[in-house]
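The chain contents come next:
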Amino acid sequence: MTKFNTFKELAADTKEKMKSYHDYPAKTLSRYDGIVKIIGHLMNQNNCVYSTDIIDQWLKECTIKLSKSTVERYRRVASLLTDNYHGNLDRWKIYSSQPCLIPKSNEYLNVINDYKIFMENEEYSTKTILCRLHDARYFLVYLENNNVFNTKDISHQMISNYILSEHFENREIAGISSEIIGLRKFIIYLEDRNLTSCSNIHFACIIKKNDIRHIVTTYNDAQVSVLLESYHDFPSNLRNKAIYLLALKCGLRMCDIFNLKFENIDMKNKTIHIIQKKTNVALSLPFDNEVSNAIIDYLLNERRKCNCQYVFITSIGQVRKLTHNTSIRTFRRFRSLKKEEQPSQFGIHILRRTFASSLLTAGADISLISAALGHINNATVDKYLSTDKQKMKRCALPIDLFPYEGGLF
């Protein structure tokens, strides 16, 4: 455990560990520096190196005066500093924005620990593991509060009552659906290990659906061109370009790109063979010369030399496969565009939507698009295809159908 003589030493050491554990964008590191100045001033006023009591009191005061998002940024930096001060900052961590409810019974604690080990062995991302454990813990705490202390006693009715409980009140439909999906995954895990007495009780996890349809965002040709340009000042320039092309031209999900191994790529026949992480279904896709050249360029000229079996690895810090979208964000590459020329949304998944939309525009059949995206159900592809502007224009009503007696404005 490192002994820090000054807060400045603690802050500098924490920043170096952050950079070694994760590929943080420059904006995040800049925010860290600004928050550290405030905390440093606070410690100087109290003549101490670091105090968690002072930090806790400061965060309480911030909650009253500042926005929720600002307080969460402060809380994350404070958590990093606290962990490092006590010698616990040994890996990249995600800090929950809410106090974490934890079951009290040893049986439930063991179930949670085994569930975590299972997800780690299955190579789920750190963020996914955190979310799934959150969903499982809240459900188990609910069971304890209702005097149920054994997973064998879980019933359909208990699950239904939980979903109708106050825990899900006054929340967005998307958030409710996400947590219920996580709960269903946990129940299926229990069923697979005979930890429940009833079979198929996960069917009680009925997902609330939002019937509102949105026109999904895609990237136009100009935006794609900017995205694929060379950005030599980025440490992950070639890696990210190869990732963008795999999503844009092959329609791969981010989780499958992150899990892509050398054995999955057949350079001779220009095909990719994977078992999809989301559906556990085999998928084979062709790729063109542009994708092939981008992957080779990354492997030869940018990828660090190591024995890692995964194709895409971190560009700085600890050598490991990518597990989080933070390091491959697209908005950094769109800064050169004027605001009105930038896409309305940013994200890697938009490239997958663009891939589906381009197939639709080229006249591909829905079943073919669904197969290329790796969907089990053809109906799933529907939400990807609300982007055909030409067909939508044909549906527009002529303006002369709307009576109007006023003047032009």
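In case you missed it, the structure is sitting above this.
What counts and what doesn't
- Residues numbered from 1 in each chain as written.
- Predicted model: local features only at pLDDT ≥ 70, side-chain atom pairs only at ≥ 80, totals over all residues.
- Heavy atoms only, no water.
- Helix = DSSP H or I, 4+ residues; strand = E, 2+ residues; numbered from the N terminus.
- Expected span 1.5 Å × (residues − 1).
- Salt bridge = Lys/Arg side-chain N within 4 Å of Asp/Glu carboxyl O.
- Buried < 20%, exposed > 50% of the residue type's maximum accessible area, 1.4 Å probe, protein only.
- Pairing = 2+ DSSP bridges.
- Axes fitted to C-alpha atoms, helices over the stretch in contact; angles between N-to-C directions.
- Parallel < 35°, antiparallel > 145°, perpendicular 65-115°, else oblique.
- Left-handed = near helix turned anticlockwise from the far one by under 90°.
- Contact = heavy atoms within 4.5 Å.
- Nonpolar A, V, L, I, M, F, W, Y, C, P; charged D, E, K, R; others polar.

Enquirer: Would you take a moment to explain helix α6 (residues 126–145) for this structure?
Expert: Structural remark: α-helix, 3.6 residues per turn; residues separated by three or four positions point the same way. Across its 20 residues, α6 extends 29 Å between first and last C-alpha, which sits within 8% of the 28 Å expected from 1.5 Å per residue. Remark: Asn147 follows α6 within two positions and exhibits a positive phi of approximately 60 degrees.

Enquirer: Explanation requested: the pattern of salt bridges in the structure shown.
Expert: A side chain with one charge may pair with a side chain of the opposite charge, provided their charged atoms come close. Per the counting criterion, the structure on display carries seven salt bridges. Note that Glu16 is salt-bridged to Lys19, the shortest N-O span being 3.8 Å. With Glu16 and Lys19 both in helix α1 (residues 7–21), this residue pair falls three residues apart, about one helical turn. For Glu16, a relative accessible area of 49% corresponds to the partly exposed category. Measuring nitrogen to oxygen at the nearest pair gives 2.9 Å for the salt bridge that ties Lys249 to Asp288. Here Lys249, found in helix α10 (residues 237–250), pairs with Asp288, found in the loop between β3 (282–286) and α12 (289–301); they are 39 residues apart in sequence, far enough to count as distant. According to the relative accessible area criterion, Lys249 is partly exposed, its value standing at 32%. Residue Asp288 is classed as partly exposed on the basis of its relative accessible area of 31%. In the salt-bridge network here, residues are joined through shared partners; they are Lys249, Asp288 and Glu290.

Enquirer: Help me understand the pairing of strand β2 (residues 271–275), please; the structure alone is not making it clear to me.
Expert: Regular strands place side chains that alternate from one sheet face to the opposite one. The pairing of strand β1 (residues 265–266) with β2 spans two bridges and is classified as antiparallel. Bridge pairing links Ile265 to Ile272 in β2. Between β1 and β2, which pair antiparallel in sequence order, lie four residues; one of them, Lys270, sits at a positive phi of approximately 50 degrees. Sheet topology places β2 next to β3; five bridges connect them, and they run antiparallel. Its bridge partner being in β3, Ile272 is matched across the sheet by Leu285. Between β2 and β3, which follow one another and run antiparallel, lie six residues, and Asn280 among them has a positive phi close to 60 degrees.

Enquirer: I'm lost on the sheet that holds β3 in this one. Help?
Expert: Pairing between the strands of a sheet is mediated by backbone hydrogen bonds and can be parallel or antiparallel. Strands sit in the order β1-β2-β3 across an open sheet of three strands; the sheet is antiparallel. With one partner strand each, in any of the chains shown, β1 and β3 form the two edges of the open sheet.

Enquirer: Looking at this model, I keep getting lost on the packing of helix α7 (residues 156–163) against helix α8 (residues 173–192). Mind explaining?
Expert: Any two packed helices are characterised by the angle at which their axes cross and by the distance between the axes. Running from amino to carboxyl end, α7 crosses α8 at an angle of 160 degrees, the nearest separation of the two axes being 12 Å. Comparing their axes, α8 and α7 come out roughly antiparallel. Crossing of α7 against α8: the hand is right-handed. Along its contact with α7, which presents Ile159, Tyr162 and Ile163, the element α8 presents Glu179, Ile180, Leu183 and Ile187. Residue classes in the contact of α7 with α8 are distributed as six nonpolar, no polar and one charged.

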